[in-house]
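# Chains, contacts and geometry: an overview
Each chain, letter by letter, is given below.
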Amino acid sequence: MRDIFDVINSRRSVREYSEEQIKDEEIEKIINAGFMAPTARSSEPWYFTIIQNKELLNDINNRALEIMGNSGDEFAEYLAESGRNILHNAPTVIVVSARKDAANMQADSSAAIENMLLAAEGLNIGSCWLGLIQFFFSDEENVKKLEIPENYTPLYGVSLGYKIHENVKIDRDKNNFNWIK
């Protein structure tokens, strides 16, 4: 098993994946890591939708690009025109939703996502936190396709797949803190 600090230091957003589907046991470990995240008031408000259906993944990408292209958001429109796949052609995408009445759905879901990203890296599986998928969620008809329970709202996605390339080592600015004793 890899050292947790090695996993944290080597994790990167991966945007190129092998076409090979990741194993069910690996997905279960990744999802379990999400379930183990801390939550406000121990509410555990998340709901995970695991998508491996290629047609649905293509539909999510295409509809999101269409909405982005007419969004009035200059950056989103630029990305839509580029034809780039917002899911990075990943063989698996997890949609992270949260209960609408959750005390802190954004923070709780973000903690779950980070746990899943680290678990994936620990298994040498590439991952990327997907924010642009929110454009797909902006259309209620799109959301219905995901079969998410009615009292939940989709927030983000996580792409998963076997890496084509090794993660690139990067240096971060580690001077952004103060220490009060």
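Right above here is the structure, for reference.
Described in the following lines is the structure provided in the data block. (Residues numbered from 1 in each chain as written. Predicted model: local features only at pLDDT ≥ 70, side-chain atom pairs only at ≥ 80, totals over all residues. Heavy atoms only, no water.)

### So, the overall build of the protein
Looking only at helices and strands, the protein has seven helices and four strands in total. Starting at the N terminus and walking to the C terminus, you meet the elements of the protein as α-α-β-α-α-β-α-β-α-α-β. Relative to the globule expectation of 16 Å for 181 residues, the C-alpha radius of gyration of the protein, 17 Å, shows essentially globular dimensions. C-alpha extents for the protein along the principal axes are approximately 50 × 40 × 35 Å. Across the 181 residues in the protein, those meeting the buried criterion constitute 45%. Long-range pairs, those at least 24 residues apart, make up 81% of the contacts in the protein with a sequence separation of at least 6. Each charge class in the protein can be summarised by its mean position, and for the 19 positive and 29 negative side chains these summaries are 6 Å apart. (Helix = DSSP H or I, 4+ residues; strand = E, 2+ residues; numbered from the N terminus. Rg over C-alpha atoms; globule rule 2.2 N^0.38 Å. Buried < 20%, exposed > 50% of the residue type's maximum accessible area, 1.4 Å probe, protein only. Contact = heavy atoms within 4.5 Å. Lys, Arg positive; Asp, Glu negative; His and termini not counted. Charge placed at Lys NZ, Arg CZ, Asp CG, Glu CD.)

### Points about the environment of Ser97
When you line up the elements, Ser97 lands in strand β2 (residues 92–99). For the pair Ser97 and Asn151, spaced 54 residues apart in sequence, the C-alpha to C-alpha distance is 9.8 Å. Each residue touching Ser97, except ones within four places of it in the same chain, is listed here: Pro45, Trp46, Tyr47, Ser109, Ile148, Tyr152, Thr153, Pro154 and Leu155.

### Concerning the side chain of Ser109
As for its position among the elements, Ser109 is in helix α5 (residues 105–122). One polar contact links the side chain of Ser109 to the main-chain carbonyl oxygen of Met105, over a distance of 2.9 Å. The residues touching Ser109, leaving out its near neighbours within four places in the chain, are Val96, Ser97, Ala98 and Leu155. (Polar contact = N/O pair within 3.5 Å; in protein donor to acceptor, adjacent residues only side chain to side chain.)

### Brief notes about the side chain of Ser43
Residue placement: Ser43 occurs in the loop between α2 (24–35) and β1 (46–51). Overall, the relative accessible area of 18% leaves Ser43 in the buried class. Contact partners of Ser43, with chain neighbours within four places excluded, come to Arg99 and Asp108.

### So, the nonpolar core
Here is a general trend for soluble globular proteins: nonpolar side chains tend to be buried in one another's company. Ile60, Met68, Leu87, Ile133 and Leu146 are the most contacted members of the largest nonpolar core, which totals 27 residues. Sorting the residues of this core by element identifies α3 (54–69), α4 (74–82), β2, β3 (125–130) and α6 (134–137) as the ones contributing at least two each. Sort the elements by how many residues they give to this core and α3 lands first, with six residues. Ile60 has contacts with Ile51, Leu87, Ile133, Phe136 and Leu146, leaving out every residue within four places of it along the chain. Grouped together as the second largest cluster of nonpolar side chains are 25 residues, Ala33, Leu155, Val158 and Leu160 included. (Core = buried A, V, L, I, M, F, W, Y, C linked by side-chain atoms within 4.5 Å.)

### Considering α4
Every buried residue of α4 is listed here: Ala76, Leu79 and Ala80. When α4 is viewed along its axis, its buried side chains cluster within an angular range of 100° and face the same direction. More than 90 degrees from the buried face of α4, the exposed residues found are Glu74, Phe75, Tyr78 and Glu81. Packed against the buried residues of α4 are α3 and α6. The opening residue of α4, the one whose side-chain oxygen lies 3.0 Å from the backbone nitrogen of Phe75, is Asp73. Note on α4: the residue one or two positions beyond its end, Gly83, has a positive phi of about 80°. (Arc of directions from axis to C-beta.)

### Concerning the packing of aromatic side chains
For the coordinates displayed, the defined rule picks out five aromatic pairs. Between Trp46 and Phe48, the aromatic rings sit 6.3 Å apart at their centres with planes inclined by 10°, giving stacked as the arrangement. On the basis of relative accessible area, Trp46 is assigned to the buried category, the value being 5%. Their ring planes at 85° and their centres at 5.5 Å tell us that Trp129 and Tyr156 sit as a pair that is edge-to-face. Placement of the pair is Trp129 in strand β3 and Tyr156 in strand β4 (residues 152–162), with a sequence separation of 27 residues. By relative accessible area, which is 16% here, Tyr156 ends up buried. Members of the aromatic cluster, each reached through a chain of ring pairs, are Phe35, Trp46 and Phe48. (Phe/Tyr/Trp six-rings, centres within 6.5 Å; stacked < 30°, edge-to-face > 60°.)

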